[in-house]
Amino acid sequence: MSTKEEMRVFTKDDVKPGTFDGTTIAIIGFGSQGRSHARNLRDSGLDVIIGARRGGPSEAKAEADGFRVLPPDQAAKEAQLIAITAPDMQHESIFQNDVLPNLKDGDTVLFAHGFSVLYGRVKPPKNVDVVMVAPKGPGDLVRREYEKGRGVPCLFAVYQDASRKASDRALAYADGIGGTAAAIFETTFRDETETDLFGEQAVLCGGVTELVKMGFETLTEAGYAPELAYYECLHELKLIVDLLHEGGIAKMHEFISETAAYGDLVSGPRVVNETSREAMRAVLKDIQDGTFAREWILENQAGKARYDQLMHQDLDHEMEEVGQKLRSRMSWLQPGANNADK
């Protein structure tokens, strides 16, 4: 049971009007999050430019969206807030080569994830604000919800407050991308990064995919058809996740059968148990003491050979081949299917 106090919800009322008056915001990293941030901020009436390499795909995409695009170093020089939304392993190079030489007293450097700052890959000077705004959803959802007049909850954190206005700037940025239409919570770079990494590794990605693969393998090894194993262990997972997402465990139990509920209650702890919890604690320890970060940084520096090998093993699983064939018969999963009724 958690002993921490409930986190405060920040809303539109907490955003100081005029925080970004006269401020140019540069987005460096025009992927899923960066593009959504940029479009939402612009539609919120803010001055946004894009930092992208000449001739690259991001430059073309940003120009097609109607943005003024500059090389990353020029964008950083012109802006007063520089948001680095590129992948984590690119942060060090972008910061050292493009951002750091062009920072001015009182500028703000913003990240969408705390990894590179927490683990020392980026070391900002003392004369700038360093903040984080992390939407709790993928970039396309951040954009879609904004367009509907709604928003995705955001986390914000202040790592360094040189101007004494860092918190105001982080809140105004979160508001600009639509966060205040939902809720904004204050955290720290450490807590955001460590919980994010743990969730990905132990539950959302690593935990779920291993559970699904083991379930599939258990059924096929026992002689059941791979198609049946796929439907029961992967395909129907979406039904349960949707219920959990919409209303927690209570809604799941409300909409599944009593047989399924009883099986959940008596068999779930047989599969995910104290042994699993100890493994989770070991994963969390590696995150907290920096072991995982060091391994991942070294893996990138060495060319990602182990990463590529493990990825190949994952994608070469029998379940992937079976799933590809079965999904080809699910018309609602085909490209453009969701637009058919619009």
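You'll find the structure just up there.
Everything numeric here is computed off the predicted structure, so don't read it as measured data.

A. Seen up close, the layout of surface pockets. Its volume calculated, the second largest pocket comes out at about 2,000 Å³. Lining the second largest pocket are 46 residues, with Val208, Leu211, Leu237, Ile240 and Leu244 positioned closest to its centre. Of all the secondary structure elements, the ones that give two or more residues to the lining of the second largest pocket are α6 (139–147), α8 (189–204), α9 (206–221), α10 (226–235), α11 (237–255), α12 (258–271) and α13 (274–288). Among the residues making up the lining of the second largest pocket, the classes are represented as 27 nonpolar, 13 polar and six charged.

B. Broad picture of the packing of aromatic side chains. Scanning the entire structure with this criterion turns up six aromatic pairs. Plain terms: the ring middles of Phe10 and Phe156 are 5.2 Å apart, the flat faces sit at 90° to each other, and that makes the pair edge-to-face. With Phe10 in strand β1 (residues 9–10) and Phe156 in strand β8 (residues 154–160), this pair connects stretches of sequence that are 146 residues apart. Accessibility classification places Phe10 together with Phe156 in one group, the buried group. Seen in terms of ring centroids, Phe115 and Tyr119 are 4.9 Å apart; in terms of plane orientation they differ by 65°. Their pairing is edge-to-face.

C. Spatial organisation of the pattern of salt bridges. Applying the stated rule across the entire model yields 24 salt bridges. For the salt bridge of Asp168 with Lys16, the shortest nitrogen-to-oxygen distance reads 3.3 Å. Of the two residues, Asp168 is situated in helix α7 (residues 166–176) and Lys16 in the loop between β1 and β2 (24–28); the sequence distance between them amounts to 152 residues. Looking at Lys16, the relative accessible area reads 49%, which means it is partly exposed. A salt bridge links Arg143 to Glu147; the shortest N-O distance between them is 3.4 Å. Here Arg143 and its partner Glu147 are both found in helix α6, four residues apart, which amounts to about one turn of the helix. For Arg143, a relative accessible area of 11% gives the class buried. Of the residues examined, Glu147 reaches a relative accessible area of 51% and is grouped as exposed.

D. Here's a closer look at the nonpolar core. Ile27, Ile50, Val133 and Tyr173 are the most contacted members of the largest nonpolar core, which has 29 residues in total. When sequence neighbours within four positions are dropped, the list of residues in contact with Val133 reads His37, Leu110, Phe111, Ala112, Cys154, Leu155, Phe156, Ala170, Tyr173, Ala174 and Ile177. One finds Ala26, Ala76, Val128 and Leu155 within the second-largest nonpolar core, a separate group that totals 25 residues.

E. View of unusual backbone geometry. Look at Arg164: it is not a glycine, yet its phi comes out positive at around 65°. When you line up the elements, Arg164 lands in the loop between β8 and α7. Exposure remark for Arg164: the relative accessible area of 69% places this residue in the exposed category. Phi at Lys304 is positive, roughly 65°, even though this residue is not glycine. Look at Lys304 and you get partly exposed, because its relative accessible area is 29%.

F. Summary view of the pairing of strand β6 (residues 108–111). The two faces of β6 match: Thr108 and Leu110 on one face and Val109 and Phe111 on the other face are all buried. Bridging between strand β5 (residues 81–84) and β6 involves four bridges; their strand directions are parallel. Bridge pairing links Ile84 to Phe111 in β6. At this point the chain moves from β5, through helix α4 (residues 91–99), to the parallel β6, and the crossover so formed is right-handed. The sheet contact formed by β6 and strand β7 (residues 129–135) spans four bridges and is parallel. Bridged to Val109 within β7 is Val130.

Thresholds applied
- Residues numbered from 1 in each chain as written.
- Predicted model: local features only at pLDDT ≥ 70, side-chain atom pairs only at ≥ 80, totals over all residues.
- Heavy atoms only, no water.
- 1 Å grid on protein atoms, 1.4 Å probe; cavity = no way out; pocket = protein on both sides within 12 Å on 5 of 7 lines; lining within 4 Å.
- Points joined across faces, edges and corners; volume = space filled by probe spheres on them.
- Helix = DSSP H or I, 4+ residues; strand = E, 2+ residues; numbered from the N terminus.
- Nonpolar A, V, L, I, M, F, W, Y, C, P; charged D, E, K, R; others polar.
- Phe/Tyr/Trp six-rings, centres within 6.5 Å; stacked < 30°, edge-to-face > 60°.
- Buried < 20%, exposed > 50% of the residue type's maximum accessible area, 1.4 Å probe, protein only.
- Salt bridge = Lys/Arg side-chain N within 4 Å of Asp/Glu carboxyl O.
- Core = buried A, V, L, I, M, F, W, Y, C linked by side-chain atoms within 4.5 Å.
- Contact = heavy atoms within 4.5 Å.
- Pairing = 2+ DSSP bridges.
- Right-handed = clockwise from strand over helix to strand, strands pointing away.

These figures capture arrangement, not role.
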